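# Chains, contacts and geometry: an overview
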Amino acid sequence: MRKKIVAGNWKMNMTSDEGRRLVKSVIMDIKERFSNGLPEDYRVIFAPPFTFLEECSKLVSNTKGVYVAAQNCHSAEKGAFTGEISAVMIKAAGADYVIIGHSERRTIFAENNAFLAQKVNTAIKNNLHPIFCCGESLKEREENIHFNVVETQLQESLFHLPDHQIKSCVIAYEPVWAIGTGLNASPEQAQEMHAFIRNLLMKKYGKAISSDISILYGGSCNGENARVLFGNSDVDGGLIGGASLKAVEFMRIIMSL
Ligand code: PGA
């Protein structure tokens, strides 16, 4: 069953104290609104920094439908990679998801499609669901090559997966020009790209699988615009940066699903 998902990507923000307050407040609110945790097809995911991963996993463990993601993982399972964290460690810390290919990793840390494909493989091997990010820059949209860019990102990093593995992935369309800029994609732009992605999935994996995979929108999504963005048939929720750092705002987005 296709899931409706709101995931909060904290990036390099929040101490553990701040994170604890936020997570406790959100899960208390969820429990008040939905007596038995979230409905079956809903997911709320916190993606905190690594230092808070294990505690965050413990905090959400009793709330149905609430999960934890890491923001990144290395492609190797272990070894001499000073400063890196492996999928094995993330799983052991209690997380179930991992964000792979965020535009900040692609641009600031020079991660390319081939490297991201390796990360996807390692994540899946260790029973983590990849939240795979794709999206074009402003220049690429202006040049009208945004569909090609997204298609190449998916072809080179995700579409090597066999049917049973692609099913465990979540895709996040995040136009780079919308991330942290306050300039979100219009609902029409989001739906257009999401439908394009779902069509690529259909051509490669067939109707049943393509209609089962959640495609999230990310980029300046907030409590104001979430409802109209999520109202589109191929937008199954959001990957939220700045607006995930405040409990009330994040909750407003969750209630827009
Ligand atoms: P933003 O970030 O919501 O702050 O634009 C989204 C993201 O980078 O995932």
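All values reported here derive from a predicted model rather than from experimental measurement.

### Overview of the pairing of strand E8 (residues 237-240)
The side-chain alternation of E8 yields two buried faces, one formed by Gly237 and Leu239 and the other by Gly238 and Ile240. Bridging between strand E1 (residues 4-9) and E8 involves four bridges; their strand directions are parallel. When the bridges of E8 are listed, Ile5 appears paired with Gly237. Here strand E7 (residues 215-218) runs beside E8; their pairing, made up of two bridges, is parallel. Paired with Gly218 across the strands is Leu239, a residue of E8.

### Remarks on the pairing of strand E2 (residues 42-47)
The buried fraction of E2 is high, at six of six residues. Here E2 shows no split at all, with Tyr42, Val44 and Phe46 on one side and Arg43, Ile45 and Ala47 on the other all buried. For E1 and E2, the ladder comprises six bridges, and the chain directions are parallel. Within E2, the position partnered with Ala7 by the bridge is Ile45.

### Examining unusual backbone geometry
The phi torsion at Lys11 lies on the positive side, around 55°, for a residue other than glycine. Its location among the elements puts Lys11 in the loop between E1 and helix H1 (16-33). Here Met14, not a glycine, exhibits a phi torsion of approximately 80°, which is positive. Mapped onto the elements, Met14 comes out in the loop between E1 and H1.

So, how was this worked out
- Residues numbered from 1 in each chain as written.
- Predicted model: local features only at pLDDT ≥ 70, side-chain atom pairs only at ≥ 80, totals over all residues.
- Heavy atoms only, no water.
- Buried < 20%, exposed > 50% of the residue type's maximum accessible area, 1.4 Å probe, protein only.
- Helix = DSSP H or I, 4+ residues; strand = E, 2+ residues; numbered from the N terminus.
- Pairing = 2+ DSSP bridges.

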